[in-house]
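# Structural characterization, general
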Amino acid sequence: MAVIRDMMPAFELFRPVSVDDALQLMARHGEAAWALAGGLDTFDWLKDRIKRPEAVIDLGAISEMRGITADRGGLTIGAMTTLTEVATSPEVVESFSLLSMAAFHVATPQIRNQGTIGGNVAQDTRCWYYRGGWPCYRAGGNICYAAAPKAMNREHCILGAKRCVAVNPSDTAPALIALDAQMVIRSAGGERVVAAEDFFMSPAVDITRMTVLEPDELLTEIRIPETWSRARFYFEKVRDRQSWDFSLVTVASAMRMSGGRVQDARIVVNGVAPRPVRVTEAESVLIGSPANESIGLAAGEAAIRRAKPLRHNDFKRPLMRNLIRRAIRGQEA
Amino acid sequence: MERREGISKLLGRELYIDDVPMDRGLWGATVRSPSPRGRIREVRFSPDVNWDEFVVVDHRDIPGENHVWLIESDQPVLAADSVRHVHEPVVLLAHHSREMVHRAVRSVEVIVDPAPPVLDFRLPPGADGIQHGTDNVFSHIVIRKGDVDAALADAPVVIEGTYETGAQEHVYLENQGMVAWIDGDVVVVKGSLQCPYYVHAALTHGLGRAEDRVRVIQSPTGGGFGGKEEYPSVLALHVALLALKAGAPVKMIYDRPEDMAATTKRHPAWIRHRTGVDLDGRLLAQAVEVVFDGGAYVTLSPVVLSRGLIHAGGPYACDNVRIDGRAVLTNSVPFGAFRGFGAPQTIFAVERQMDKIAEELGMDPVELRRMNLIREGQSTATGQIIRDGADRLEVLDRALDLSAYREKQEEHARFNAAHEDLRRGVGLSTYFHGAGFTGGGEVHLSSVAKVEARPDGRIEVLTSNIEMGQGTLTIFTQIASESLGLEPDDVVIAEADTFRVPNSGPTVASRTVMVVGRLIEKACADLVAKLGDSDLRGPDLKQAIVDWYRKHSGGVLDGAARYEPPPGTSWDEDSYRGDAYGAFAWGACVVEVEVDLRTLGTRVLDVVAVQEVGKVLNELLARGQIQGGVVQAIGWALMEECVWSDGAMVNNQLTNYMIPTSDDVPPIRVDFLEAPYAHGTGGAKGIGELPVDGPAPAVAAAIEAATGTHPRVIPVTPERLMELYDGA
């Protein structure tokens with residue numbers, strides 16, 4: 001309530017034209033630096049004056065971070081590529097339509113035109129206690145307001161909570177994990193590559209961060225290997241309305257069939273845990289079985305066995321089960 | 001014709017109140033109660049702030065009466081000794097820096113000795129909860145027709161049903177905002193509002209000033225929907241108190257969370273029906289109990305209740321009716337005016353009850369309605385005889401035809417049999433809405449409109465009715481230009497400034513076109529008559545005006561008209577009998593939905609809204625009103641849910657209070673039938689609120705048809721549907 005809106009605190013703005021320059025700036029300003037991509041997560045924080053970085057590094061002028069290139073049957077996507085570009089890219093649509101569908105489900109056309117895939121995976125959680133500036137665990141305090149007895153927690157975790165019960169809001173993240181994407185991370189000191197599955201941070205490890213990115217690191221590109229090219233994909237995002245809304249539960253899956261049975265599968269859900277979760281319980285039920293309604297239901301049941309709903313989000317359990325079931329069976333015509 | 005302010009809005013040139021630059025001005029902010037009920041023990045100002053830099057106002061700074069002038073004088077401008085709801089205003093602050101003033105709000109602590117709050121309006125209050133009269137009832141109204149008890153006792157079938165509707169936030173695009181300054185010995189308040197003279201009256205009472213020492217000006221207003229009917233009086237008093245104490249202009253603009261948490265919403269309702277019917281489905285008796293949650297102060301609850309009750313029997317003929325309704329106190333942020341004004345709640349209930357009756361009798365819900373819809377010469381619950389030439393059966397049939405209702409039912413049977421996860425259904429509602437103030441309200445208002453000729457031959461229209469997106473400027477231009485035979489460019493609409501415009505009443509109750517438009521027509525005729533030739537029109541009129549001004553140097557040629565009730569109407573406020581409204585508009589709505597049984601999400605696939613609104617004066621604006629109202633009603637029916645804690649909305653942001661986007665509503669198909677109303681402008685009846693009445697019950701009926709569940713409570717969120725539907 002007492003949050004001050006519509007005014008940003010002062011900061012120094014940098015607009016580097018190369019990744020190297022950006023990394024130098026990140027190294028120089030350390031914790032006081034803030035990387036700005038599409039601005040959709042950033043400006044909320046700044047206008048609400050909850051985050052007050054000293055140096056904002058606008059990545060918008062770095063052309064080497066933008067674009068999609070085919071690469072040995074796979075794709076390399078610059079982190080500054082817009083969500084619209086990802087959603088409509090012929091290469092993505094042809095071989096990795098799962099990612100195209102996921103990008104297409106982000107927010108609104110305007111936001112997809114401005115937002116980037118890097119920003120979409122690196123964005124902060126949308127827990128409204130945390131976003132409202134409440135001094136919770138994630139903000140450095142010693143309480144989780146969303147898990148308190150009278151709290152509103154309809155949007156929060158049913159799995160994997162550790163003190164913080166906020167969920168990861170990214171629509172593209174579960175698709176990237178299902179496609180076994182590799183995240184290329186650079187700092188002034190060099191480059192490292194992390195599997196998408198390991199890119200997202202559990203609050204059990206570091207409650208203040210959503211990803212493994214260190215303050216001086218940038219996610220520069222995302223590599224999608226050929227592995228799941230043209231596999232059988234399924235993506236479904238359930239939300240309260242059909243546009244401009246974060247996910248309640250999302251499922252993204254990739255399956256390879258052989259002789260009427262599932263040869264290999266990756267099933268990922270988001271909106272249910274602090275990080276997008278690969279549902280290995282469901283995968284193991286599935287592999288070697290036909291992809292039908294009853295196997296789908298069994299896989300869905302296996303997936304929610306460990307779920308622990310909060311006061312207001314018990315509906316997410318049947319929802320997650322049913323989405324996994326439908327991912328396996330496929331959408332009705 | 002072109003929308004008057006359309007281009008400036010499209011180009012972003014329209015200056016809303018927050019766009020008006022302020023020289024040497026201060027920013028105002030509000031310190032609010034953290035507690036739903038109790039005595040204020042202390043207001044503690046943190047020693048970390050240099051309070052000398054701030055203008056600080058509390059209840060002791062109020063020069064007039066410490067209450068917000070409205071129906072009753074129970075709501076303080078600023079809490080003095082006690083508070084009755086969370087977010088109740090206690091202290092006002094102003095400072096040159098917007099950031100500083102908002103930060104300072106957090107440095108003032110209101111310490112309250114708590115008393116037990118009343119939070120559930122459906123339950124009778126305990127003895128320690130009584131805060132208004134002896135029973136917390138703000139208003140109790142009973143409408144009686146015939147002998148309900150005898151008719152229920154004799155009825156072959158009696159069907160009971162209980163229905164609930166939730167609060168709804170207006171979500172006008174522009175938040176509440178006001179600026180106040182001192183001009184000589186006049187306090188001027190300018191801002192986003194629907195009712196300049198309500199604000200004017202509130203300021204004269206609260207500031208203890210003569211009427212000519214208070215001036216209220218409406219600024220371009222970004223939506224109202226009733227949310228800017230009574231609340232702006234509160235904000236105007238606050239900003240004026242700060243400006244008086246500061247001796248400088250002060251601006252107060254609520255941000256979205258503050259606006260959603262602290263201002264009014266649609267009244268939550270609990271409604272029980274007991275209906276006696278014969279085996280053919282004819283209504284024999286309607287016993288209806290209604291309870292509205294009024295929140296912590298009376299505000300407009302008695303009149304919202306009144307309209308709700310008059311509509312509670314639906315557009316049906318029944319000889320024996322008892323509608324017994326109460327608006328009650330809770331320690332919640334006060335509820336207030338919202339498009340429909342109580343009728344959407346009661347119509348939701350009666351329409352769901354009609355579906356229940358149809359189901360229990362094994363009847364078709366369409367035929368049940370067809371049998372009972374009011375025919376010409378039959379009467380409403382208050383005994384108002386309907387003789388308006390409108391054909392309510394034709395409204396129903398047109399909606400059935402246009403929506404292909406019967407074909408859809410067959411198509412859905414096939415679709416549902418062929419699908420594992422998806423279910424489709426179609427639902428219908430029939431409804432009505434009385435236009436203008438209830439009962440003797442218009443007589444009491446005694447509205448006046450004026451027109452003034454300018455020396456160049458143009459005509460200026462002076463009323464206190466305002467543009468808030470619904471098209472007042474355009475339709476008034478059309479009415480004046482058509483009645484004088486002038487071009488639209490020859491008509492100027494005066495700014496709603498109480499120093500210039502007469503009191504033509506508030507911009508509410510679907511009355512602007514029907515009531516005030518008619519006054520404009522009459523004022524135009526009055527002006528023309530002063531030229532000695534009542535037939536003057538067009539270029540001749542223009543020339544005559546120019547000539548008049550040549551002859552009457554220093555004079556003003558004008559015309560005026562005062563409201564007169566339609567002949568032959570009568571209303572008895574004590575017995576609640578008679579002609580509740582000059583005219584009713586009639587509607588029928590068909591909604592088609594698809595429910596996903598695995599997510600229990602509902603999508604609206606098709607909406608048809610057919611209405612009889614007298615003569616349609618401007619089809620584009622009329623369609624816009626219908627479409628917008630339908631969208632608002634779909635939101636209320638499916639997704640707009642206020643979550644409460646201690647009587648305050650806690651999902652007070654647009655990320656978790658969901659309103660429909662363009663992806664959530666299908667193209668809305670609108671059609672009009674026209675039976676001109678003799679006493680409305682050009683035959684028009686009111687239109688603004690009717691479209692909100694019908695869609696919610698039709699959505700619920702469609703979900704029922706699709707899933708076999710019986711939604712009685714809205715919004716029908718996926719969670720609520722999950723409770724009703726076991727097989728998910």
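Keep in mind that what you see is a predicted model, and the values were worked out from it rather than measured.

Procedures and definitions
Residues numbered from 1 in each chain as written. Chains lettered and ligands numbered in written order. Predicted model: local features only at pLDDT ≥ 70, side-chain atom pairs only at ≥ 80, totals over all residues. Heavy atoms only, no water. Helix = DSSP H or I, 4+ residues; strand = E, 2+ residues; numbered from the N terminus. Expected span 1.5 Å × (residues − 1). Buried < 20%, exposed > 50% of the residue type's maximum accessible area, 1.4 Å probe, protein only. Arc of directions from axis to C-beta. Contact = heavy atoms within 4.5 Å. Buried area = accessible area lost by both parts, 1.4 Å probe. Salt bridge = Lys/Arg side-chain N within 4 Å of Asp/Glu carboxyl O. Polar contact = N/O pair within 3.5 Å; in protein donor to acceptor, adjacent residues only side chain to side chain. Nonpolar A, V, L, I, M, F, W, Y, C, P; charged D, E, K, R; others polar. Patch = residues over 30% accessible without salt bridge, like charges linked within 9 Å, V, L, I, M, F, W, Y side chains within 5 Å. Areas by Shrake-Rupley, 256 points an atom, 1.4 Å probe, with all protein chains shown as cover. Pairing = 2+ DSSP bridges. Axes fitted to C-alpha atoms, helices over the stretch in contact; angles between N-to-C directions. Right-handed = clockwise from strand over helix to strand, strands pointing away. Domains from an automatic or database assignment.

Moving on to helix α11 (residues 405-418) of chain B. Residues and elements named next belong to chain B. In this model, α11 (14 residues) spans 20 Å end to end at C-alpha, consistent with the 20 Å of a helix rising 1.5 Å per residue. Here α11 has its buried residues at Tyr405, Lys408, His412, Phe415 and Asn416. An end-on view of α11 places all buried positions within 90 degrees of arc, on one side of the element. Across α11 from its buried face, at more than 90 degrees, point the exposed residues Glu410, Arg414, Ala417 and Ala418.

Another point: the interface of chain A and chain B. Taken together, the contact pairs 34 residues of chain A with 37 residues of chain B. Summed over both sides, the interface of chain A with chain B buries roughly 3,000 Å², with 54% coming from carbon and sulfur. In this structure, the connection of chain A to chain B is made through 7 salt bridges. Taking the shortest distance from any N to any O, the salt bridge between Arg326 of chain A and Asp421 of chain B comes out at 3.0 Å. Inspection of the chain A/chain B interface yields 9 residue pairs in polar contact (both at pLDDT 80 or more). Mapped onto the side of chain A that touches chain B, the elements with two or more residues apiece are β9 (232-238) and α13 (316-329) of chain A. The element contributing the most residues to the side of chain A that touches chain B is α13 of chain A, with 8 residues. Per-class residue counts for the side of chain A that touches chain B are 14 nonpolar, 3 polar and 17 charged.

All right, on to a nonpolar patch on the surface then. Residue and element names in this part refer to chain B. Taken together, the side chains of Ile7, Leu10 and Leu11 make up a nonpolar region of the molecular surface, amounting to roughly 340 Å² of accessible area. Of note, Leu11 is situated in the loop between α1 (6-10) and β1 (26-32). Leu11 gets classed as exposed once you look at its relative accessible area, which sits at 51%.

We now examine the sheet that holds strand β12 (residues 277-278) of chain A. All names here are of chain A. One open sheet accounts for 4 strands, arranged β9-β10-β11-β12; its pairing is antiparallel. Where the open sheet ends on each side, the last strands, each with one partner, are β9 and β12. Across 9 bridges, the pairing between strand β10 (residues 249-258) and strand β11 (residues 261-270) is antiparallel. Paired with Thr250 across the bridge in β11 is Asn270. Lying on the sheet, helix α5 (residues 97-104) is in contact with β9 and β10; it crosses β9 at an angle near 15 degrees.

We now examine the pairing of strand β11 (residues 214-218) of chain B. Residue and element names in this part refer to chain B. Counting buried positions along β11 gives 4 out of 5 residues, so the element sits mostly inside the fold. In terms of strand pairing, strand β10 (residues 186-191) meets β11 through 5 bridges, oriented parallel. Within β11, the position partnered with Val187 by the bridge is Val214. A crossover connection joins β10 to the parallel β11 through helix α4 (residues 196-207); in handedness this β-α-β unit is right-handed.

With that settled, consider the sheet that holds strand β2 (residues 38-45) of chain B. Residue and element names in this part refer to chain B. If you walk across this open sheet you meet the 3 strands as β4-β2-β6, and the pairing is antiparallel. Each edge of the sheet is formed by a strand with only one pairing partner; in this case those strands are β4 (82-83) and β6 (108-114). When β2 meets β6, the two strands line up antiparallel, connected through 7 bridges. Its bridge partner being in β6, Arg39 is matched across the sheet by Asp113.

Residues and elements named next belong to chain B. Domains assigned within chain B are domain 1 (6-115 + 170-262), domain 2 (269-438 + 577-727) and domain 3 (441-562). In this structure, domain 1 and domain 2 have C-alpha centres spaced 35 Å apart. Summed over both sides, the interface of domain 1 with domain 2 buries roughly 2,400 Å², with 66% coming from carbon and sulfur. Viewed at the interface, domain 2 and domain 1 are joined by 0 salt bridges. The interface formed by domain 1 and domain 2 includes 9 residue pairs in polar contact (both at pLDDT 80 or more). Counting residues per element, the side of domain 1 that touches domain 2 draws most heavily on helix α6 (residues 256-262), at 5 residues.

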